Amino acid sequence: MKRVIGIGNALTDFLVNLNSDAVLSEFGLSRGSMSLVDSELQRKIQERTADLPHTLSLGGSASNTIRAMARLGAEVGFIGKVGRDSTGRFFEKALVNLRIEPFVSHGQQRSGRCLSLVSPDGERTMITFLGAALELEGTDVADDVFKGFDCLYIEGYLVQNHDLIRSVVQRAKEAGLKVAIDLASYNVVAENLEFLQSLVADYVDILFANEHEAQAFTGEPEPINALEAISKMCELAVVKIGTRGAYIKSSGEVIHVGIMAAARRVDTTGAGDFYAAGFLFGMCRGLSLRQCGTIGAIAAGKVIEVVGTTFGEEAWEEIFRLVNKVETEKYLF
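**Overview of the overall build of the chain**
Across its full length, the chain carries 12 helices and 14 strands. For the chain, the C-alpha radius of gyration of 18 Å lies close to 20 Å, the compact-globule estimate for 333 residues. Considering only C-alpha atoms, the chain reaches an extent of 50 × 45 × 40 Å along its principal axes. Counting contacts in the chain only where the partners sit at least 6 residues apart, residues at least 24 apart contribute 74% of the total.

If you want it as structure tokens, here you go:
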């Protein structure tokens, strides 16, 4: 596997640092979840939190993964849909600047936005208005999009569009690509369980999940048992277990990989996305599963030290230094 193309909701992130979880209770939001809302409700929540510290960044789960892979040095592409507005133009230009091959179509609604409410302990609750991203259809994705790529990476939030995902994965497999998916949110898994289980059994080669998503997907409360159940459906299963690291299983082999302790836990937004980025980058480099898991842990450990998914050159230089040590097997968890 050398080149990866991602498909997901093309969103711009508005990250708000909460001083308590009172806002979540006020609007009936489940802590740590992702809720799809209309533009009006998102506007009301933004108005309610307008006086709190906030930042703006390029977002979307698959976009985060693909952007991080590009920064690590992988050859990648991205499929998504934006509105014909300044936010959409910003999104497209950012892809090009990051040397990501763009396959972006344009919808009728305004570009999608994700309001990410960051609790004091770093947990994030996302309120998403998909906008034009929701208009993405299978007909927007031409068959020749997959030419030259080896793996299609799907964000779990997108599986709510069953027809789109079914169309895209079928053609990706016909084109010879492997299919990877990150389950992304336990409530999305629960709401689309039957479809997801069928999709994974029929098309998915690589699956990423945290322990809550894995439990929702398999019904198994213990992560190691959930890993076993998932591994019967696909070639490679990864179940992340928070500060205890991750379990990885492929070809009957189970590996436990630890974490890289963060200097400070500021915001968990993008941690799963960056873990997948590091892991898939390792696969593109032909590394062992332990090396892939370690690079994933490094990327995730760095992104939770900042608000959002953007950090400076100094942090990237540290990542590059550690990845080099992993590649020479001098730094493994």
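On we go.
**Things to note about the pattern of salt bridges**
Summed over the entire model, instances satisfying the criterion amount to 19 salt bridges. Between R31 and D121 there is a salt bridge, with the nearest N and O atoms lying 2.4 Å from each other. Of this pair, R31 sits in the loop between α1 (22-26) and β3 (34-36) while D121 sits in the loop between β7 (112-118) and β8 (124-129); the two residues are 90 residues apart in sequence, bridging distant segments of the chain. For D121, a relative accessible area of 40% puts it in the partly exposed group.

**Section: the environment of R113**
The residue R113 is located in strand β7 in this model. In the structure, R113 is positioned 103 residues away from A10 in sequence and 8.3 Å away in space, judged by C-alpha atoms. Contact partners of R113, with chain neighbours within four places excluded, come to L11, T12, F14, Q42, Q46, I127, T128 and F129.

**Some thoughts on the side chain of E135**
You can see E135 is positioned in the loop between β8 and β9 (151-155). Those residues within four positions of E135 in sequence are excluded, and the remaining contacts are K81, G107, Q108, Q109 and D140.

**Focus on the sheet that holds β8**
A sheet is described by the order of its strands in space; here five strands give the open sequence β3-β8-β7-β2-β4, paired in mixed fashion. Strands with a single pairing partner mark the edges of an open sheet, and in this sheet they are β3 and β4 (54-59). This sheet shows a mean twist of 20° between the axes of neighbouring strands, independent of strand direction. Bridge count for β7 against β8 is six bridges, and the pairing is antiparallel. Bridging across to β8, V118 finds its partner in R124. In the packing of helix α2 (residues 39-48) onto the sheet, the strands contacted are β2 (11-17), β7 and β8, and the crossing angle to β7 comes to about 40°. On top of the sheet, helix α4 (residues 86-97) reaches β2 and β4; it is set at about 60° to β4, its chief contact.

**Concerning the packing of helix α3 (residues 61-72) against helix α12 (residues 313-327)**
Two elements in contact, α3 and α12, have axes whose closest approach is 11 Å; the angle formed by their N-to-C orientations is 70°. Classified by the interaxial angle, the pair formed by α3 and α12 is roughly perpendicular. Contacts between α3 and α12 involve A68, R71 and L72 from the former and E313, W316, I319, F320 and V323 from the latter.

**Some points on the state of the cysteines**
Inspection of every chain in the model, using the stated rule, returns zero disulfides. With no disulfide of its own, C284 has C151 as its nearest cysteine by sulfur position, at a separation of 7.5 Å. C284 gets classed as buried once you look at its relative accessible area, which sits at 8%.

**A short note on helix α8 (residues 211-218)**
Because each turn of an α-helix spans 3.6 residues, side chains separated by three or four positions in sequence point in the same direction. The set of residues buried in α8 consists of E213, A214 and F217. Viewed end-on, α8 has its buried residues packed into an arc of 100°, placing them on one side of the element. Residues of α8 that are buried make contact with β10 (178-182), α6 (186-191), α7 (193-203), β11 (206-210), α9 (223-231) and β12 (236-240). Of the residues that open α8, the one with a side-chain oxygen 3.0 Å from the backbone nitrogen of H212 is N210. Downstream of α8 by a residue or two, G219 has a phi angle that is positive, lying close to 80°.

**What about the layout of surface pockets?**
By volume, the second largest pocket amounts to about 250 Å³. The wall of the second largest pocket is formed by L58, R67, A68, R71, A94, L98, F274, T309, T310, F311, E313 and W316. In terms of residue count, α3 provides more of the lining of the second largest pocket than any other element does, three residues in total. When the residues that make up the lining of the second largest pocket are grouped by side-chain class, the tally is seven nonpolar, two polar and three charged.

Reading guide: rules and limits
Residues numbered from 1 in each chain as written. Predicted model: local features only at pLDDT ≥ 70, side-chain atom pairs only at ≥ 80, totals over all residues. Heavy atoms only, no water. Helix = DSSP H or I, 4+ residues; strand = E, 2+ residues; numbered from the N terminus. Rg over C-alpha atoms; globule rule 2.2 N^0.38 Å. Contact = heavy atoms within 4.5 Å. Salt bridge = Lys/Arg side-chain N within 4 Å of Asp/Glu carboxyl O. Buried < 20%, exposed > 50% of the residue type's maximum accessible area, 1.4 Å probe, protein only. Pairing = 2+ DSSP bridges. Axes fitted to C-alpha atoms, helices over the stretch in contact; angles between N-to-C directions. Parallel < 35°, antiparallel > 145°, perpendicular 65-115°, else oblique. Disulfide = S-S within 2.5 Å. Arc of directions from axis to C-beta. Polar contact = N/O pair within 3.5 Å; in protein donor to acceptor, adjacent residues only side chain to side chain. 1 Å grid on protein atoms, 1.4 Å probe; cavity = no way out; pocket = protein on both sides within 12 Å on 5 of 7 lines; lining within 4 Å. Points joined across faces, edges and corners; volume = space filled by probe spheres on them. Nonpolar A, V, L, I, M, F, W, Y, C, P; charged D, E, K, R; others polar.

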